[in-house]
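Spelled out from the first residue to the last, the chains are:
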Amino acid sequence: MTTLTDTPKQGFRLSQLIYDTRYRSITIQVIATVLIVAALWWLARNTVANLTALGKDFTLEFLGNRSGYDINQRLIAYDSNATHGRAALVGILNTLLVAGLGCVLATILGVIFGVLRLSKNWIVSRLAAVYVEGFRNVPLLLWIIAIFAVMTESTPSPRDFRGENPVASMALADNVAITNRGAYIPEPLFANGLGDVEIKPGGVFADLYFNVSIDLIVILLTLVVSLLVVKLVNTRAADIQNATGVRPTTWWVNLLIIVAPIAALLWGLGFYLGKPELSGFNFSGGTHLRNSLLALWLALSLYTGAFIAEIVRGGINAVSKGQTEAAFALGLRPNRTMRLVILPQALRVIIPPLISQFLNLTKNSSLAIAIGYMDVRSTLGGITVNQTGRELEGILLVGLFYLLLSLAISTGMNWFNDRVKLKER
Amino acid sequence: MSELAIERQIDRSHMTISDEVAIQINNMNKWYGQFHVLRDINLTVQRGERIVICGPSGSGKSTLIRCINRLEEHQSGDIIVDGTELTSDLKNIDKIRSEVGMCFQHFNLFPHLTILENCTLAPIWVRKVPRKEAEDIAMHYLEKVKIPDQAHKYPGMLSGGQQQRVAIARSLCMKPRIMLFDEPTSALDPEMIKEVLDTMIELAEEGMTMLCVTHEMGFAQAVANRVIFMDQGQIIEQNEPHAFFNDPQSDRTKLFLSQILGH
Amino acid sequence: MKKSIMLGALAVAGLTAASASASTLDDVKARGKLNCGVLSGLTGFSQPDANGVWEGFDVAVCRAVAAAVLGDSTAVEFVPLTTQVRFTALASGEIDILARNTTWTFSRDTDLKLDFIGVNYYDGQGFMVPKSLGVTSAKDLDGATVCIQTGTTTELNLADFFRANNISYEPIPIETNAEAQQQYLAGACDVYTTDASGLAATRATFEAPGDHVILPEIISKEPLGPVVRHGDNEWGDIAMWTLNALIAAEELGVTSANVEELSAAATTNPEINRLLGTEGDLGAMIGLDAQWAVRAIAAGGNYGELFEKNIGVNTPIGLARGLNAQWTEGGLIYAPPFR
Ligand SMILES: Nc1ncnc2c1ncn2[C@@H]1O[C@H](COP(=O)(O)OP(=O)(O)O)[C@@H](O)[C@H]1O
Ligand SMILES: N[C@@H](CCC(=O)N[C@@H](CS)C(=O)NCC(=O)O)C(=O)O
Ligand SMILES: [Mg+2]
């Protein structure tokens, strides 16, 4: 039977699935999908079979059980009577802390050394090169352990501070104690503090309770308002510049706007510094920055900073010399040239690889266990898994956490990247 | 005589050369490491002069004009621009750079800024001109180089000839008294060379002091009042265009002219 | 060498399907080698000697099992494991038996799907401090920094002890005994806590053991014993009765020196005869030949010999038999009858 369509009918041959560009990509995608699904199915089936063979089931119930172990670095309330879920949360916060601190310091180091390596001064650029190559080419784990070992072996123990003629003494007018257990620094305290608010979610999230210091909230709010005012001042300065060509000097106004309200607030709250003091086996009072945190933070930052330095150098190099010359020829000074011409172009090149460095740093922080830093890999993925025998569940949860965190970081950075890019095109 | 015939009548009414000295170069030498790029350069440029510099590749033409706005540093001798001597004093460098405009072979427009922003950047941040006023000036010069309608596009969207004209407009926005050109048409397709040269001719007609490295001999004939021939870092010969082309003195000049004019 | 938890999880996630369910005895025989999980290095318990040959009180259990099953006490592949990964390694089938200072607890035996096949050392958790600190009781340790190994019963007992006594401490979690020792000696922690036997063994390696004291408090029961996977009872029986054979041998006076002679022909003691296979057929009941126990005892000696040679009072570790004396001597070491 013939139909009424006019389109010429072409015969379809099976070989077209492979050789015809119209079908080829579909064929490949279908095959890939089938293979992946089959592999996943096989893995899942084996897992279930193996678990039943071992007589184990898959459950997350253990998260609600008493953990029974203590954790030294806690950003939220926790003790051995809390649940494994709570221990996981303590670990998560510790991971976030070291990853956050690491990303900031790594970026600072990376920018400094990236620019220094471009320096015309031979010694300076050589030193930067030594830093970059030294840290890039030695495995991170070695740096973590080496830095930790140096910190432990080269610093005095708290007991050395004791006695008539102590072997060691505190630094910075008795405010800071550097020991082989970490640094004890003064902690901010408030004589007229406003106390804490308790945040207590219910149901499945019951483990997520935490306290927030009202003092901190008030300080942050003040800071935000000050920054908004500063922004206003800057916008006005830009308007004035647009209108008259001369930009009014704003730095001291801005400084005043930021410093004065905070200072007044701190005075009102009765701010003072609590000094660490030797008592018993250890220092008490003050804030204890454990060696495990310091060593991990330093190692992660120095290591990742070396990679970022190369990215920064590459980004700046990617902007042709002609751009600088054109800017100079127009009479722009070097710092303005950097800010108005080079950096906006370099950032476009720098940000995407920077994102992967931040992700690397975050994931690398899971080496923490090597020096006993209690991150999520050490709590949930380490002690909890070991005490409960739930390795599959534990490792899956830890993996899921890193996955979500990485996605969050790259989403945030991509958003920033888009903003930078938008200005260019 | 050249690939490019200048068709229109050139208005020479403003092309007057005053006694005032715009650029004075005395016994200037420059080295790149061991390599002696510029040897004993002596050159006086009067205000309103239009000088074409030619010579084989690598002879130091670019280096010479880049020394004039201190993109390169010279090691001995003096360069005095508009009465200011070029030293490492930042103030002097700033002053000279804001009086001397420069156009490059590869345009060097800022790709992340629009055409208009390219033109207003320096006036705003160096001359401290209010934005509105800077934009008016920019539009004025963009009209002059005949591309006001491209003001809000980005450099990447323009043709080479248009980009070079923007680069000229960008320099003019700083109201320079001297313009340096380093092979402004070398990177362009033939049909675009003309539009750029036309712009340069107009500039000459208005009496701008110009130093121009170019191999466009038609342009040299029509506009320049002096042609300088350089080889191996030295000024070998200089003369007014007619004499330079028809009666070259040195053998090297003759050889060069025969090569470039294809006799 | 350290095995990661990740590897274990992967193994469970089954790149090799259900390896754990096959008969361990058949696997071991087919392989011709026993895979034995041990400590990475604790003097007296398990440590390679200068030639790389593993020796120690825990190592001896594996050698005896290998001798019984394979007829060769050297046919053992020793796999050093940290506290963190030991159970994963066993569950995933990487090792056949774990002989590694492991405390028998309810949840390990049941929830972790392991089977403890007996106790080779009755221990308890203790504390070691530098003498110079002048501490005489664990209750004086308020505010101290304590080195512990993660993934142990130790860290749970520690939390309970300090909580019960209402004193505080700062835990420093560490993966291996060697690192703990280094941190402790560097003064990064004031106290090192683990099984008392482990403390004694650790202290024995110090340059000046006398500068360190082990505090009188023993805060927990730590019955240490070899472990196999739950579910393979034939294999569990072999391991259990090999350990019992060593214990019974001491009680019956069978030693590495006289076992040849005693097993040559039936003696007047029927239990010795059954143990050494000159009477009855006990070996066949666990799938082995009649000489299995002879080889196990000949491998390193009976329980008492192993104790004295590796950790006893005449070794640098210097542990007295105490709880680990035979029941006939007032201790807890007791083998069920061989009949
Ligand atoms: N930055 C530099 N370092 C070393 N040598 C250079 C540099 N720039 C240019 N030169 C050399 O100086 C000579 C003159 O260069 P240039 O002034 O660019 O020549 P022209 O413009 O006449 O072709 C050439 O031999 C060139 O290789
Ligand atoms: N018996 C406890 C503790 C075991 C333990 O901590 N043993 C120490 C030595 S006494 C150890 O395993 N050290 C690990 C190593 O050195 O690798 C348990 O089973 O959890
Ligand atoms: Mg050149």
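This structure is a prediction, so every number in the text was calculated from the model and none was measured. (Residues numbered from 1 in each chain as written. Chains lettered and ligands numbered in written order. Predicted model: local features only at pLDDT ≥ 70, side-chain atom pairs only at ≥ 80, totals over all residues. Heavy atoms only, no water.)

**Description of the overall build of chain C**
Our working rule: In this description a helix means any DSSP run of H or I spanning at least four residues, a strand means any run of E spanning at least two, and both kinds are numbered starting from the N terminus. Atoms counted for the radius of gyration: C-alpha only. Globule rule: 2.2 Å times residue count to the power 0.38. Exposure categories follow from relative accessible area, calculated using a 1.4 Å probe and restricted to protein chains: below 20% of the type maximum is buried, above 50% is exposed, and the middle band is partly exposed. Should any heavy atoms of two residues lie within 4.5 Å, those residues are considered in contact. What sets the accessible areas is the Shrake-Rupley method with a 1.4 Å probe; for residues, cover comes only from the shown protein chains.
Scanning chain C for helices and strands turns up 14 helices and 14 strands. The C-alpha radius of gyration computed for chain C amounts to 20 Å, which stays within 12% of the reference 20 Å derived for 339 residues, consistent with globular compactness. Across its three principal directions, the C-alpha atoms of chain C cover 60 × 50 × 40 Å. For chain C, the residues scored as buried account for 59% of the 339 residues in total. Long-range pairs, those at least 24 residues apart, make up 72% of the contacts in chain C with a sequence separation of at least 6. Carbon and sulfur atoms form 53% of the exposed surface of chain C, whose accessible area is close to 12700 Å².

**Overview of the site of ligand 1**
Residue and element names in this part refer to chain B. This is how it is decided: What makes a residue near a molecule or strand is one non-hydrogen atom of that residue sitting within 4 Å of it. What qualifies as a polar contact is a pair of N or O atoms within 3.5 Å, subject to a donor-acceptor requirement within protein and to the restriction that residues adjacent in sequence count only when both atoms come from side chains. By the convention adopted, Pro, Cys, Tyr, Trp, Phe, Met, Ile, Leu, Val and Ala count as nonpolar, Lys, Arg, Asp and Glu as charged, and the other residues, Gly among them, as polar.
In the vicinity of ligand 1, the contacting residues are Y32, F35, V37, P56, S57, G58, S59, G60, K61, S62 and T63. Between Y32 and ligand 1, the recorded distance is 3.3 Å, taken from a side-chain N or O atom to a nitrogen atom. Within the backbone of G60, a nitrogen or oxygen atom sits 3.0 Å from an oxygen atom of ligand 1. Contact with the protein chains removes 59% of the 560 Å² of surface that ligand 1 exposes when unbound. Every element with two or more residues in the shell around ligand 1 is listed here: β2 (35–46) and α1 (61–68). Among the elements that make up the shell around ligand 1, the one with the highest residue count is α1 (three residues). Here the residues of the shell around ligand 1 are counted per class, giving four nonpolar, six polar and one charged.

**A word on the confidence of the model for chain C**
Detailed reading of the predicted coordinates is not advisable wherever pLDDT is low. All names here are of chain C. Worth spelling out the cut-off: Note on scores: pLDDT gives the predictor's confidence for each residue, bounded by 0 and 100.
This prediction gives chain C a mean pLDDT of 91; 94% of its residues lie at or above 70. By mean pLDDT, the top-scoring element of chain C is helix α14 (residues 303–310) (97), and the lowest-scoring one is helix α1 (residues 5–12) (51). This model gives residues 14–21 a pLDDT under 50, and the stretch forms 18 contacts once residues within four places in sequence are excluded. Overall fold confidence for the complex sits at a pTM of 0.82, while the interface term, ipTM, reaches 0.93.

**Overview of the sheet that holds strand β1 (residues 177–179) of chain A**
What links the strands of a sheet is backbone hydrogen bonding, and the strands pair in either a parallel or an antiparallel sense. Residues and elements named next belong to chain A. Filter applied, for reference: Any two strands between which DSSP finds at least two bridges are classified as paired. Axis geometry follows a simple rule: fit a line to the C-alpha atoms, using only the stretch in contact for helices, then measure angles between N-to-C directions, giving values from 0 to 180 degrees.
Sheet architecture is open: three strands sit in the order β1-β2-β9, paired in antiparallel fashion. Two strands in the sheet have a free side with no partner beyond their single neighbour: β1 and β9 (287–290). Averaged over all pairs of adjacent strands, the angle between strand axes in this sheet comes to 15 degrees, irrespective of strand direction. Pairing geometry for β1 and strand β2 (residues 182–185), over three bridges, is antiparallel. In the sheet register, I178 faces β2, and the bridge partner there is A183. Against the sheet, helix α8 (residues 291–318) contacts β1, β2 and β9, and its axis sits at roughly 55 degrees relative to β9.

**Description of the interface of chain B and chain A**
Defined as follows: A quick way to say it: buried area is the sum, across both parts, of accessible area lost when two parts are put together, with a 1.4 Å probe. For salt bridges, the criterion is a side-chain nitrogen of Lys or Arg within 4 Å of an Asp or Glu carboxyl oxygen.
Counting residues at the interface gives 30 residues for chain B and 26 residues for chain A. In total, chain B and chain A occlude about 2600 Å² of area from one another, counting both sides; carbon and sulfur atoms represent 57% of this. Broken down residue by residue, the surface that chain B buries against chain A is led by R97, H112 and W125 of chain B, which jointly contribute 26%. Here chain B and chain A share two salt bridges between them. The closest approach of N and O atoms between R333 of chain A and D94 of chain B, which form a salt bridge, is 2.6 Å. Along the contact surface separating chain B from chain A lie seven residue pairs in polar contact (both at pLDDT 80 or more). The greatest single-element share of the side of chain B that touches chain A, amounting to four residues, is contributed by helix α3 (residues 115–125) of chain B.

**A short note on a nonpolar patch on the surface**
All names here are of chain A. Counted only if it meets this: Like-charged residues are merged into a patch within 9 Å and nonpolar side chains (Val, Leu, Ile, Met, Phe, Trp, Tyr) within 5 Å, provided each residue has over 30% relative accessible area and no salt bridge.
Where nonpolar side chains cluster on the molecular surface, the patch consists of V104, I108, I112 and L116 and spans about 320 Å² of accessible area. For I108, the location among the structural elements is in helix α3 (residues 84–117). Look at I108 and you get partly exposed, because its relative accessible area is 44%.

**Description of the sheet that holds strand β7 (residues 178–182) of chain B**
Residues and elements named next belong to chain B. The strand order across the open sheet built from six strands is β6-β7-β8-β3-β9-β10, with neighbouring strands paired in mixed fashion. The open sheet is flanked by β6 (100–103) and β10 (234–239), the only strands paired with a single partner. Strand after strand, the sheet turns through a mean of 20 degrees between neighbouring axes, direction not considered. Sheet topology places β6 next to β7; four bridges connect them, and they run parallel. What sits directly across from M102, in β7, is L180.

**Digging into the nonpolar core**
Stated formally: By nonpolar core we mean a set of buried residues, namely Ala, Val, Leu, Ile, Met, Phe, Trp, Tyr and Cys, connected to one another through side-chain atoms within 4.5 Å.
Among the nonpolar cores identified, the biggest contains 141 residues, and I25, I53, F181, M200, M210, L211 and F219 of chain B are the most heavily contacted of them. Counting residues per element, this core draws most heavily on α8 of chain A, which supplies 14 residues. Beyond its immediate chain neighbours, meaning those up to four positions away, F181 of chain B contacts I65, C103, I168, M200, L203, M210, L211, C212 and V213 of chain B. Judged by nonpolar contacts, the second largest core, of 60 residues, contains L34, A245, I247 and A248 of chain C.

**Regarding the environment of M374 of chain A**
Structurally, the position occupied by M374 of chain A is in the loop between α10 (334–364) and α11 (379–388). A residue is classified by how much of its surface remains accessible, and M374 of chain A, at 2% relative accessible area, is buried. Separated by 150 residues in sequence, M374 of chain A and V224 of chain A place their C-alpha atoms 32 Å apart. Non-local contacts of M374 of chain A, meaning those with residues more than four positions away in its chain, are made with I71, N72, G91, N94, T379 and I383 of chain A together with P173 of chain C.

**Re helix α13 (residues 292–300) of chain C**
Residues and elements named next belong to chain C. When α13 is considered as a whole, its buried residues turn out to be W292, A293, V294, A296, I297 and G300. On its buried side, α13 packs onto α3 (57–70), α9 (233–252), α10 (259–264), α11 (270–276), α12 (282–285) and α14. One or two residues past the end of α13 sits G301, with phi positive at roughly 110 degrees.

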